[in-house]
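Descriptive structure summary
Residues per chain are reported as follows:
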Amino acid sequence: MISNMNKFFIIGFNILLFATACEEDDNISTLDEISIVAQGDCMAASISELDAVLCITDMEGNAKTSFGLNENFIVSLTFQNNSGELVKIKEEYLANEGVMTVMGADNGENFGKPFTSVACQFDGNPYMEVASGETYVVSSPWVLQDGISTKGPICKAESNEYLAVGSYRVVVSLDFIMEMGNESITVEGDHELSVEFDIM
């Protein structure tokens, strides 16, 4: 037989567990409404208080949508934290198939990513961290080139081939989980950034 003291302890413990579970659930939210707009030759998304901007630039960092045959370009994804909290996104997000992927504009043929792997820094931190009011840039040249390196937690060990004359697009799927302060936000809804460009 369970004593009254033990019953009280068991009931109190269950209430505490239930309250803790509910408190943790309050810190998880889902976001499926995202504003996507053109920003010059780039595309930008507002995701809560985080902006994501996708650009294709020349080697000097100028956003463009037209490149000459055998002209190298850089694919750049910039996160801007407009909140008062630290924002963290797992680096593994960049490894997803639809993130910074170059495709044929007409036929959807997949030409791959501008980088070869993710999480190359080996610093033990699996997150891209964007401090309040700061930006975090992930970028890589399409063709491996001396003096032009990757930015962010990615690396490029092998070069891609120059693209043939034609129309292409770079896509960035916006399905990911971010931590903003103590809140975990799941971003979903099949939204993507897409920038079209031509090789002439």
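Calculation rules
Residues numbered from 1 in each chain as written. Predicted model: local features only at pLDDT ≥ 70, side-chain atom pairs only at ≥ 80, totals over all residues. Heavy atoms only, no water. pLDDT = per-residue confidence, 0-100. Contact = heavy atoms within 4.5 Å. Pairing = 2+ DSSP bridges. Helix = DSSP H or I, 4+ residues; strand = E, 2+ residues; numbered from the N terminus. Axes fitted to C-alpha atoms, helices over the stretch in contact; angles between N-to-C directions. Disulfide = S-S within 2.5 Å. Buried < 20%, exposed > 50% of the residue type's maximum accessible area, 1.4 Å probe, protein only. Salt bridge = Lys/Arg side-chain N within 4 Å of Asp/Glu carboxyl O.

The subject of this paragraph is the confidence of the model for the protein chain. Confidence in the prediction for the protein chain averages 87 pLDDT; 86% of positions are at 70 or higher. Of the regions scoring below 50 in pLDDT, residues 4–25 engages in one contact with residues more than four places distant in sequence or in other chains.

The next point concerns the sheet that holds strand β5 (residues 66–67). Within the open sheet, the five strands sit side by side as β5-β17-β14-β8-β9. Their pairing is mixed. Only two strands of the sheet have a single neighbouring strand rather than two, namely β5 and β9 (110–112). Alignment of strand β14 (residues 166–173) against strand β17 (residues 192–199), held across eight bridges, turns out to be antiparallel. Paired with Y168 across the bridge in β17 is F197.

Bridge analysis of strand β8 (residues 99–104) against β14 gives five bridges, and the strand direction is antiparallel. Bridge pairing links T101 to V171 in β14.

The next point concerns the sheet that holds strand β1 (residues 28–31). The sheet built from five strands is open, its strands ordered β1-β16-β15-β7-β11 with mixed pairing. The open sheet terminates on both sides in strands that have one partner only, identified here as β1 and β11 (127–130). Across the sheet, the mean angle from the axis of one strand to that of its neighbour is 25 degrees, orientation sign disregarded.

So, on to the state of the cysteines. Such a bond, covalent and formed between the sulfur atoms of two cysteines, is termed a disulfide. Going through the model one piece at a time under the given rule, you end up with one disulfide. Through a disulfide, C42 is tied to C55; the S-S separation comes to 2.0 Å. Disulfide C42-C55: the torsion about the S-S bond is 110 degrees, which places it as right-handed. Of this pair, C42 sits in strand β3 (residues 42–47) while C55 is found in strand β4 (residues 50–57), placing the two residues 13 residues apart along the sequence. Classification of C42 by relative accessible area gives buried; the value is 7%.

With that settled, the discussion passes to the pattern of salt bridges. Within this structure, the stated rule accounts for three salt bridges. For K88, the salt bridge identified is with E179, shortest N-O distance 3.8 Å. Remark: E179 occurs in strand β15 (residues 176–180) and K88 occurs in strand β7 (residues 87–90); sequence separation between them is 91 residues. Given a relative accessible area of 27%, E179 falls into the partly exposed group. Where R169 meets E192, a salt bridge forms, and the shortest distance between an N and an O atom there is 3.1 Å. In this pair, R169 is assigned in strand β14 and E192 in strand β17, connecting sequence segments 23 residues apart.

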